[in-house]
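These are the residues of each chain, in order.
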Amino acid sequence: MPFCDHVLALDIGGTKLAAGVMNRTGKLLSFVRVPTRVEEGPDIVIERLLKLGHEALAASGHSQGDIAAIGIGCGGPLDPVTGRVQGPPGLPYWDDVPIVELVTDAYDRPAFLENDGTAAVLGEYHFGPWRGVRHMLYLTVSTGVGGGLILDGRVHRGAAGNGGEFGHVIIDWNGRVCGCGQRGCIEAYASGTSIARRAVEALGAGPASSMRDVAVVTAETVSTHAAQGDRLARQIWDETTAALGRAIAVMINVVEPQLVVLGGGVTRAGNALLLPVRRAALAQAMRPAGAAARLELASHGDTVGVVGAAASALVHLQQGAPS
Ligand SMILES: [Zn+2]
């Protein structure tokens, strides 16, 4: 294989598919996105993903032959060694999908599959503005809630490739049913899907709220209306940030990171999310761990998934094989 300076990244989300071409210094040369339309099933979604990859290549001015490898980020569970997606809660019908084989065949280039939370932590660790950080925890708050972990400067994938699934930290064992089948996971409260669902349920009880005028209530509806002073939206939003703060305090106690980075669509709410979550998490963590940790928003914003998948491909190329 000739020496190539670029990688293609494919990011499979429950709501959006994204693709981009990145060089070895972390510069993103293209970034394109389309809705996933998960209800259409894996075959059609993968067809759309492969087409999007070609669009990303064209937009970057590069061809398939210029690409050293392809990084694929996807919600877990998945097996990064066999390259198969194993029925993530956010992707119904994706029960045993050999995505690496399909992508390798389509582009004739080596491909690597990474849990999207792990991919994102790699992207932030290698290409974010965080200097001197050796212990980093990443939490994606999106359609679902995922995570990734860097310990002493090394990515942690765990025994089966899905280590760092922080979305399934349980904050109430009698709580709401989660997509994973358990009760009370943080994902069942703080994911974009769960925030919207809790708002719809609360509206069903009949209180006055400006959210009643909205045809389809989303997490963004809740954060926007909370900022505008709607009482019900405020209540749902405060519960969300309290739940996230509580869960992150647990994670901080377990990992004792120097840095916790929050990314994903729900973090578009900015300081309305970051400030209360930071306050709650650091106040509830054990003292030495809480005092050592900072909480910040992801530096790559909406492109964090693509930068992460690209970073994962670069790390695999450097290491020679998945480890
Ligand atoms: Zn769960």
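Residues numbered from 1 in each chain as written. Predicted model: local features only at pLDDT ≥ 70, side-chain atom pairs only at ≥ 80, totals over all residues. Heavy atoms only, no water.

Q: What should I look at first to understand the coordination of the zinc ion in this one?
A: The expected angle between donors at a tetrahedral four-coordinate metal is 109.5 degrees. At an octahedral six-coordinate metal it is 90 or 180 degrees. Within the protein, the atoms that donate to the zinc ion are His-168 (ND1), Cys-178 (SG), Cys-180 (SG) and Cys-185 (SG), at distances of 2.0 to 2.3 Å. Read from N- to C-terminus, the donor residues coordinating the zinc ion fall into the pattern H-x9-C-x1-C-x4-C. On the criterion of sequence distance, the pair formed by His-168 in the loop between strand S10 (154–155) and helix H4 (187–190) and Cys-180 in the loop between S10 and H4 is long-range, its members being twelve residues apart. (Donors = N, O, S within 2.8 Å, 3.2 Å for Na, K, Ca; no water. Helix = DSSP H or I, 4+ residues; strand = E, 2+ residues; numbered from the N terminus.)

Q: What is the right way to look at the sheet that holds strand S4 (residues 67–74) in this model?
A: Working definition: the strands of a sheet are paired by backbone hydrogen bonds and lie parallel or antiparallel to each other. Reading across from one edge, S3-S2-S1-S4-S7 is the order of the five strands in this open sheet, with mixed pairing throughout. Each edge of the open sheet carries a strand with a single partner, namely strand S3 (28–35) and strand S7 (111–115). Neighbour to neighbour, the strand axes of the sheet diverge by 15° on average, direction disregarded. In this structure, strand S1 (residues 6–12) lies alongside strand S2 (residues 16–23), joined through seven bridges in antiparallel fashion. Each residue of the ladder has a partner; that of Ala-9, found in S2, is Gly-20. Helix H3 (residues 116–127) contacts S1, S2, S4 and S7 of the sheet and is inclined by roughly 100° relative to S7. (Pairing = 2+ DSSP bridges. Axes fitted to C-alpha atoms, helices over the stretch in contact; angles between N-to-C directions. Contact = heavy atoms within 4.5 Å.)

Q: For this particular structure, what's the right way to read the nonpolar core?
A: Nonpolar side chains tend toward joint burial in soluble globular proteins. Ranked by internal contacts, the top residues of the largest apolar core, which has 46 residues, are Leu-139, Val-222, Leu-244, Ile-248, Ile-252, Leu-262 and Leu-295. Only strand S8 (136–141), strand S9 (145–151), H4, helix H5 (192–204), helix H6 (219–227), helix H7 (231–255), strand S11 (259–263) and helix H8 (271–284) provide two or more residues apiece to this core. The greatest single-element share of this core, amounting to twelve residues, is contributed by H7. In contact with Leu-139, not counting residues within four places along its chain, are Val-145, Gly-146, Gly-147, Phe-166, Leu-244, Ile-248, Met-251, Val-261, Leu-262 and Gly-263. Residues Val-45, Leu-49, Leu-57 and Ile-67 belong to the second largest nonpolar core, which totals 30 residues. (Core = buried A, V, L, I, M, F, W, Y, C linked by side-chain atoms within 4.5 Å. Buried < 20%, exposed > 50% of the residue type's maximum accessible area, 1.4 Å probe, protein only.)

Q: Explanation requested: helix H10 (residues 304–319) in the structure shown.
A: In an α-helix, one full turn covers 3.6 residues, which means residues spaced three or four apart are oriented alike. Relative to the 22 Å expected for 16 residues at 1.5 Å per residue, H10 spans 22 Å between its end C-alpha atoms, a close match to the ideal helical length. Counting buried residues along H10, 13 of its 16 residues qualify, which places the element largely inside the surrounding structure. (Expected span 1.5 Å × (residues − 1).)

Q: Before we go on, may I ask you to explain the sheet that holds strand S12 (residues 294–297) in this structure?
A: The strand order across the open sheet formed by five strands is S10-S9-S8-S11-S12, and the pairing between neighbours is mixed. Across the chains shown, the open sheet's two edge strands, defined by having one partner strand only, are S10 and S12. Pairing of S8 with S11, which is carried by five bridges, proceeds in the parallel orientation. Residue pairing for S11: Tyr-138 is matched across the bridge by Val-261. Of the strands in this sheet, S8, S9, S10 and S11 are in contact with H3, which crosses S9 at around 50°. This element, H7, spans S8, S9, S11 and S12 of the sheet and lies at about 155° to S8.

Q: Where do I start with the domain arrangement of the protein chain in this structure?
A: How big an interface is tends to be expressed through the accessible area that disappears when the partners come together. You can read the domains of the protein chain as domain 1 (6–117 + 303–319) and domain 2 (130–298). With centres defined by C-alpha atoms, the gap from domain 1 to domain 2 works out at 25 Å. Each partner contributes to the interface: domain 1 provides 14 residues, whereas domain 2 provides 14 residues. Both sides of the domain 1 and domain 2 interface together cover about 1,100 Å² of buried area, and 45% of this is carbon and sulfur. Inspection of the domain 1/domain 2 interface yields one salt bridge. Between Arg-157 and Glu-114 there is a salt bridge, and its shortest N-O distance comes to 2.7 Å. Inspection of the domain 1/domain 2 interface yields five residue pairs in polar contact (both at pLDDT 80 or more). (Domains from an automatic or database assignment. Buried area = accessible area lost by both parts, 1.4 Å probe. Salt bridge = Lys/Arg side-chain N within 4 Å of Asp/Glu carboxyl O. Polar contact = N/O pair within 3.5 Å; in protein donor to acceptor, adjacent residues only side chain to side chain.)

Q: Looking at this structure, how should I read the environment of Leu-232?
A: Tracing the sequence through the fold places Leu-232 in helix H7. For the pair Leu-232 and Asn-23, spaced 209 residues apart in sequence, the C-alpha separation works out to 46 Å. Dropping the residues within four chain positions of it, Leu-232 is found in contact with Ala-202, Leu-203, Pro-207, Ser-209 and Met-211.

Q: Sorry, what's going on with the pairing of S1 here?
A: Two faces belong to every sheet, and in a regular strand the side chains alternate between them. Counting buried residues along S1, seven of its seven residues qualify, which places the element largely inside the surrounding structure. Every second residue of S1 is oriented toward a common face, with His-6, Leu-8, Leu-10 and Ile-12 on one face and Val-7, Ala-9 and Asp-11 on the other, all of them buried. Connecting the antiparallel pair S1 and S2 is a turn made up of three residues. Sheet topology places S1 next to S4; seven bridges connect them, and they run parallel.

Q: So what exactly am I meant to see when it comes to the packing of helix H1 (residues 42–60) against helix H2 (residues 99–107) here?
A: Taken N-terminus to C-terminus, the directions of H1 and H2 make an angle of 45°; their axes are 11 Å apart at the nearest point. What the angle tells us is that H1 and H2 run oblique. The two elements H1 and H2 meet at a crossing, and its hand is right-handed. Note on element contacts: H2 touches H1 through Ile-99, Leu-102, Val-103, Ala-106 and Tyr-107, opposite Ile-46, Leu-49, Leu-50, Gly-53, His-54 and Leu-57. Its residues assigned to classes, the contact of H1 with H2 shows nine nonpolar, two polar and no charged. (Parallel < 35°, antiparallel > 145°, perpendicular 65-115°, else oblique. Left-handed = near helix turned anticlockwise from the far one by under 90°. Nonpolar A, V, L, I, M, F, W, Y, C, P; charged D, E, K, R; others polar.)

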